[in-house]
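Here is how the chains run, residue by residue.
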Amino acid sequence: MDSTPHLVASDIDGTLLRDDRTLSARTAAVLARISAQGTPVVLVTGRPIRWLRLVYDQLAEPLPAVCANGAVVYDPTTDEVLRADPLAPELLAEVVRRLRAEVPGVSLAVEIVDGRQMRHEAHYPLRWDADDEAIRAVQTAEELLSAPAVKLLARAGEQDPDRFTRLVAAALTGLAEATHSSHSGLVEISAAGVTKAAGLAWYCHRIGVAAPDVLAFGDMPNDLPMLTWAGRAVAVANAHPEVLAIADEVAPANSSDGVAAYLEKVFGAD
């Protein structure tokens, strides 16, 4: 990419947000300025739709989002899901069967209703969203697997996230995608072919932007497909080693407003 990008795509956690999940005034201002000048900015996250409010409350205007690692494309101005690519209940059942065979004691949760609700097994450890009213424990496997899921979440205690993801991915080869964006052993599972790259590519095609004209930012393994697909891939300095290895450039860390600093270099400072 030699010219100014035609679209900016950024991961949220660990990339756009600081470690305390705040968006700096500097970052919010540069995103608003780029958008106002006519360059689309898209949030691309593993998080579900219901979590975006935390980010939107810190932005001048809400931005379109690719959620659930590419399974959901969301327009916040109309509160409309433009595209969803979930795991069908039959496929979900086979994925879960393989997981239980490979990882005894695995705890599972599903993002359903396009990621507006979550259902989890009673022993699944909730973290950031434990008190959300959209979150509910299920009593039976049938209830867990009864609806299409834009993402299946798997935990098995504290695990090395890279090693655990490789184990799960091997068990699900040809059936589903497995990736991670955590430091605590949470594996995120999507339908085959569903990645951040696929979701972002669909959105870019919709608005007439080609991959070589996309500037993308990320920090974790679930960002790798998007960063590989985009014309220019930028990792923040705090990124996972695999992300740093494939990035075209490295920006300052998320805690130092790395995305904003890089965008100011590309688009000019205010």
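Quantities reported herein were computed from a predicted structural model and do not represent experimental measurements.

K.L.:
Can you tell me about the overall build of the protein, naming the residues and giving the values?
P.N.:
Across its full length, the protein holds 9 helices and 14 strands. A compact globule built from 270 residues should have a C-alpha radius of gyration of about 18 Å, and the protein, at 18 Å, falls within 12% of that. The C-alpha extent of the protein, read off along each of the three principal axes, is 55 × 40 × 35 Å. Relative to all contacts within the protein whose residues are 6 or more apart in sequence, the contacts with residues 24 or more apart total 58%. A total of about 11,200 Å² of accessible surface is found on the protein, and carbon and sulfur atoms cover 50% of it. For the protein, the distance from the average position of its 23 positive side-chain charges to the average position of its 37 negative side-chain charges is 2 Å.

K.L.:
Let's hear about the pattern of salt bridges: which residues, and what values?
P.N.:
Following the criterion strictly, the structure yields 16 salt bridges and no others. Of the charged contacts in the structure, one is a salt bridge between Asp-223 and Lys-196, with a shortest N-O distance of 2.5 Å. Of this pair, Asp-223 sits in the loop between strand 12 (214–218) and helix 7 (224–229) while Lys-196 sits in helix 6 (residues 196–207); the two residues are 27 residues apart in sequence, bridging distant segments of the chain. Residue Asp-223 is classed as buried on the basis of its relative accessible area of 0%.

K.L.:
Account for the sheet that holds strand 10 (residues 176–179), naming residues and giving values.
P.N.:
Working definition: the strands of a sheet are paired by backbone hydrogen bonds and lie parallel or antiparallel to each other. The 6 strands lie next to each other as 8-7-6-9-11-10, forming an open sheet whose pairing is mixed. The outermost strands of the open sheet, each flanked by one partner alone, are strand 8 (135–138) and strand 10. Between one strand axis and the next, the sheet turns by 25 degrees as a mean value, whatever way the strands run. Here strand 6 (residues 107–112) pairs with strand 7 (residues 117–121) via 4 bridges, running antiparallel. Bridge assignment links Val-110 to a residue of strand 7, and that residue is Arg-119. Those strands touched by helix 3 (residues 89–102) are strand 6, strand 7, strand 9 (149–155), strand 10 and strand 11 (187–191), and its axis lies near 10 degrees from that of strand 9.

K.L.:
Report on the packing of aromatic side chains, specifying residues and quantitative values.
P.N.:
Inspection of every chain in the model, using the stated rule, returns 1 aromatic pair. Between Phe-217 and Tyr-262, the ring centres sit 5.6 Å apart and the planes meet at 80 degrees, which makes this aromatic pair edge-to-face. Of this pair, Phe-217 sits in strand 12 while Tyr-262 sits in helix 9 (residues 258–267), and the two are 45 residues apart along the sequence. You can call Phe-217 buried: its relative accessible area is 0%. Here Tyr-262 falls in the buried class, since its relative accessible area comes to 3%. The side chain of Arg-47 reaches across the aromatic face of Trp-51, ending 4.4 Å from its centre.

K.L.:
How would you explain the sheet that holds strand 4 (residues 72–75) if you had to name every residue and give the values?
P.N.:
Ordered by their spatial adjacency, 8 strands build an open sheet running 5-4-3-2-1-12-13-14, and the pairing between neighbours is mixed. Each of the sheet's edge strands pairs with one partner strand only, and the pair in question is strand 5 (80–84) and strand 14 (249–251). Going across the sheet, the axis of each strand differs from the next one's by a mean of 25 degrees, ignoring polarity. Here strand 1 (residues 7–10) pairs with strand 2 (residues 41–44) via 3 bridges, running parallel. What sits directly across from Val-8, in strand 2, is Val-41.

K.L.:
How would you explain unusual backbone geometry if you had to name every residue and give the values?
P.N.:
One non-glycine residue with positive phi stands out, namely Asp-114, at about 60 degrees. Of the residues examined, Asp-114 reaches a relative accessible area of 28% and is grouped as partly exposed.

So, how was this worked out
- Residues numbered from 1 in each chain as written.
- Predicted model: local features only at pLDDT ≥ 70, side-chain atom pairs only at ≥ 80, totals over all residues.
- Heavy atoms only, no water.
- Helix = DSSP H or I, 4+ residues; strand = E, 2+ residues; numbered from the N terminus.
- Rg over C-alpha atoms; globule rule 2.2 N^0.38 Å.
- Contact = heavy atoms within 4.5 Å.
- Areas by Shrake-Rupley, 256 points an atom, 1.4 Å probe, with all protein chains shown as cover.
- Lys, Arg positive; Asp, Glu negative; His and termini not counted.
- Charge placed at Lys NZ, Arg CZ, Asp CG, Glu CD.
- Salt bridge = Lys/Arg side-chain N within 4 Å of Asp/Glu carboxyl O.
- Buried < 20%, exposed > 50% of the residue type's maximum accessible area, 1.4 Å probe, protein only.
- Pairing = 2+ DSSP bridges.
- Axes fitted to C-alpha atoms, helices over the stretch in contact; angles between N-to-C directions.
- Phe/Tyr/Trp six-rings, centres within 6.5 Å; stacked < 30°, edge-to-face > 60°.
- Lys NZ or Arg CZ within 6 Å of the ring centre and 35° of its normal.

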